[in-house]
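# Report on the structure
Chain residues, written in single-letter form:
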Amino acid sequence: MKYVLVTGGVVSGLGKGVTASSIGVLLKACGHRVTSIKIDPYLNVDAGTMSPFEHGEVFVLDDGGEADLDLGNYERFLDINLTRDNNLTTGKIYQAVIERERRGDYLGKTVQVGDIESMPFIEALRQFQFRVGPGNFVCVHVSLVPVIGVVGEQKTKPTQHSVATLRSLGINPALLACRSSEPLQDSVRSKLAAFCHVPADQVLTMHDVSNIWRVPLMMQAQGAHEVLCRLLGLGGAARIDTSMWRQRIAEKWDKLEIPVTIAMVGKYTDLSDAYLSVTKALQHACMAANRKLKVEWVEASNLEDQTKEEEPEAHEAAWSKLRGADGILVPGGFGGRGIEGKILAANFARTHDKPYLGICLGMQIAVIEFARNVLHMENANSTEVEPATEHPVVVFMPEGSTTHFGGTMRLGSRRTVLQTVDCIAAKLYQSEQYIDERHRHRYEVNPELVDQFEAAGLRFVGKDDTGTRMEIVELAGHRFFVAAQVGVALGTRCTAFALVAASAFLLLVRSASLLTCLLRSTPLPPRPPGKLDHFLSGRATPVTSPAKGGLRPVNNDTIAALTAAKLQL
């Protein structure tokens, strides 16, 4: 086992996660198996209760772990599935120690950590490097080299101080990853090498690039993989091959020209990291569909009538973005702020045949809007927003906790059973039976109202394995109106060998592009790749379903209808 420690200094947000992911990409391209662990110093046990405004999105893992968004970067770059054990926090460590003390594991002993209570991880890693021995541990330090003054002078002092502090704690960085707006000047590199006790060829310039997928290539060009393999006693540096990564991802993104505009209607739009997985899924889908992505961030509350009275310019700007978009996406979220604006966005998409994708809360929004305006349930709402609503179309899940918020939601990978293959979801996932996706929610569609919704044309084509919890909904007769309780953005991948775009996002981009392409006489985006043709022309009856009672048989007429639908997609 070999270990690469990535640390950061001077300021936060320098890109430690992308640097660590890029190192993993290079080592994987050299033929090695890699995984990642994120260490956070805060006292929260996990990221589940933190504000998206402060820390960005909460990334949900297969086992239900609520983790830092960097774990999403690791999974997307390295094509691996991580667990809650891959995200350590000070709170998680302290909780484990206190539980052991209360259980009596330390009976008769004083539990203490000397004078390092605020730095348990640094001290643990300092000791760990000696435990694993030389040749098994390498530290890469990410630091800032700012540019001061109109002459553009690159300053090394912040990095010198940062390295000195790290060395005083007992950890000596072997490589410096220096963040800067432009490539490091040779004199600056030499100065850093001299004053930070690092060879010049191990001072990496990490300057701004056109997209983050170029970062591994930038590191490779400077021989980072060779240095790491040499210091860790690993082979494979000579046979590294990142040509597919370069051609299919890094260079392809920069060459996209035909635009597609997606309106992202949310409540955390001032911080794009709050929807990082969603934007990454859109980027991956656009690369697969050969479209240049433009995201229009629409603050949901600005669509509401109250904003029209108080800030008419913001109201008009928000509606202008919504009307001008090729497709509308309503992501997840919590709380009542902006709910009415999201409902208005869903109504606009439904009544104007505008492609719509709702995720988690976005599905609940679609159901509330349909209840109000099609089923005429006046003021229908979620009990999260209005506990005493006359028409509770979205309700609190009975197994949820009303007193504890950390780790009490319906979390992690859950199975969704498709109720029929005659639906968009079956084509998207190329599946006749079920899909497995990650969840993070406390509220669900009221199962007592499902029959009324379906009678009016809102089809719940995906349910949980009990058949009582609604997972995927589609609107009959609409060009593309799909919403899912599942976190469809969390499974998207971007690897050296294949771009795995979340299917729902890919079809949203395709659907949003169709009308634009016809108006502009531009080529249609390619059909989603995969085994869809084989699936549609295969057996007439699906295999046994894990759902209770199985699936409906598929007759030849249905196969023909699906094939025709596939050609239109």
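Here we summarise the structure given alongside this text. (Residues numbered from 1 in each chain as written. Predicted model: local features only at pLDDT ≥ 70, side-chain atom pairs only at ≥ 80, totals over all residues. Heavy atoms only, no water.)

So, on to the overall build of the protein. Scanning the protein for helices and strands turns up 20 helices and 24 strands. Counting over 569 residues, the protein shows a buried share of 53%. Of all intrachain contacts in the protein linking residues separated by at least 6 positions in sequence, the fraction that spans at least 24 positions is 71%. (Helix = DSSP H or I, 4+ residues; strand = E, 2+ residues; numbered from the N terminus. Buried < 20%, exposed > 50% of the residue type's maximum accessible area, 1.4 Å probe, protein only. Contact = heavy atoms within 4.5 Å.)

Let us now look at the side chain of D68. Tracing the backbone shows D68 in the loop between β4 (66-67) and α3 (70-78). Separated by 3.0 Å, the side chains of D68 and K38 make a polar contact. Sequence-distant contacts of D68, defined by excluding residues within four places in its chain, comprise K38, D40, Y42, A47, F59 and N87. (Polar contact = N/O pair within 3.5 Å; in protein donor to acceptor, adjacent residues only side chain to side chain.)

Let's shift gears to the sheet that holds strand β19 (residues 443-445). Pairing in this open sheet of three strands is mixed, and the strands run β15-β16-β19 from one edge to the other. One side of each edge strand has no neighbouring strand; the edge strands of this open sheet are β15 (381-382) and β19. Bridge count between β15 and strand β16 (residues 392-396): two bridges; the pairing is parallel. Bridging across to β16, N381 finds its partner in P392. Contacting β15, β16 and β19, helix α15 (residues 361-373) runs over the sheet at an angle of about 150° to β16. (Pairing = 2+ DSSP bridges. Axes fitted to C-alpha atoms, helices over the stretch in contact; angles between N-to-C directions.)

Under the counting rule described, the total for this entry stands at 18 salt bridges. When the shortest N-O distance is used, the salt bridge between K38 and D70 registers 3.0 Å. Residue K38 is found in strand β2 (residues 38-40), and its partner D70 is found in helix α3; the two are separated by 32 residues along the sequence. Among the residues examined, K38 registers a relative accessible area of 11% and is labelled buried. Residue classification places D70 among the buried positions, given a relative accessible area of 12%. The closest approach of N and O atoms between R126 and E123, which form a salt bridge, is 2.8 Å. With R126 and E123 both in helix α5 (residues 120-132) and three residues apart, the pair spans about one turn of that helix. (Salt bridge = Lys/Arg side-chain N within 4 Å of Asp/Glu carboxyl O.)

As a further point, take the packing of aromatic side chains. Summed over the entire model, instances satisfying the criterion amount to 11 aromatic pairs. For the ring pair F128 and F137, a centre distance of 6.3 Å and an interplane angle of 65° mean the geometry is edge-to-face. Among the residues examined, F137 registers a relative accessible area of 15% and is labelled buried. Ring pairing ties together the aromatic residues Y3, F128 and F137, which thus form one cluster. (Phe/Tyr/Trp six-rings, centres within 6.5 Å; stacked < 30°, edge-to-face > 60°.)

Here we take up the sheet that holds strand β14 (residues 356-359). In a beta sheet, neighbouring strands pair by backbone hydrogen bonds and run either parallel or antiparallel. Taking strand neighbours across the sheet as the criterion, the nine strands line up as β12-β11-β13-β14-β22-β21-β20-β17-β18 in an open arrangement whose pairing is mixed. Each of the sheet's edge strands pairs with one partner strand only, and the pair in question is β12 (292-299) and β18 (434-441). Neighbouring strand axes in the sheet, compared pairwise and without regard to direction, differ in orientation by 25° on average. Here strand β13 (residues 327-330) pairs with β14 via three bridges, running parallel. Looking at the pairing, V330 lines up with G358 of β14.

This paragraph deals with the pairing of strand β22 (residues 481-484). Residues in a regular strand project their side chains so that they alternate between the two faces of the sheet. Neither face of β22 is left uncovered, since the one carrying F481 and A483 and the one carrying V482 and A484 both have all their residues buried. When β14 meets β22, the two strands line up parallel, connected through four bridges. Note on β22: the bridge partner recorded for L357 is V482. The sheet contact formed by strand β21 (residues 470-475) and β22 spans three bridges and is antiparallel.

A few words on helix α14 (residues 339-351). Taking 1.5 Å per residue as the helical rise, α14 with its 13 residues ought to reach 18 Å, and the 18 Å between its terminal C-alpha atoms agrees with that figure. Count one or two residues on from α14 and you reach D353, which has phi positive near 55°. (Expected span 1.5 Å × (residues − 1).)

Moving on, we come to the packing of α14 against α15. Look at α14 against α15: their axes get within 9 Å of each other, and the N-to-C directions meet at 70°. Of the possible angle classes, the one that applies to α14 and α15 is roughly perpendicular. Taken together, the residues of α15 that come into contact with α14 (itself represented by I339, E340, K342, I343, A346, N347 and R350) are L361, I365, A366, I368, E369, F370, R372 and N373. Its residues assigned to classes, the contact of α14 with α15 shows eight nonpolar, two polar and five charged. (Parallel < 35°, antiparallel > 145°, perpendicular 65-115°, else oblique. Nonpolar A, V, L, I, M, F, W, Y, C, P; charged D, E, K, R; others polar.)

On to the pairing of β14, then. Burial along β14 is two-sided: the face carrying Y356 and G358 and the face carrying L357 and I359 are both buried. One crossover worth recording links β13 to the parallel β14 by way of α14, and it is right-handed. (Right-handed = clockwise from strand over helix to strand, strands pointing away.)

Our focus in this paragraph is the side chain of H32. Within the element layout of this structure, H32 appears in the loop between α1 (16-29) and β2. A polar side-chain atom of H32 sits 2.6 Å from the main-chain carbonyl oxygen of G235. Apart from the residues within four sequence positions on either side, H32 is in contact with L27, C229, L234 and G235.

Turning next to a negative patch on the surface. Residues D305, E309, E310 and E311 make up a contiguous surface patch of negative charge. Along the chain, D305 falls in helix α12 (residues 305-310). (Patch = residues over 30% accessible without salt bridge, like charges linked within 9 Å, V, L, I, M, F, W, Y side chains within 5 Å. Areas by Shrake-Rupley, 256 points an atom, 1.4 Å probe, with all protein chains shown as cover. Lys, Arg positive; Asp, Glu negative; His and termini not counted. Charge placed at Lys NZ, Arg CZ, Asp CG, Glu CD.)

Moving on to unusual backbone geometry. Phi at D79 is positive, roughly 55°, even though this residue is not glycine. The residue D79 is located in the loop between α3 and β5 (87-89) in this model. For C360, which is not a glycine, the phi torsion comes out positive at approximately 55°. By the element assignment, C360 lies in the loop between β14 and α15. Residue C360 is classed as buried on the basis of its relative accessible area of 13%.

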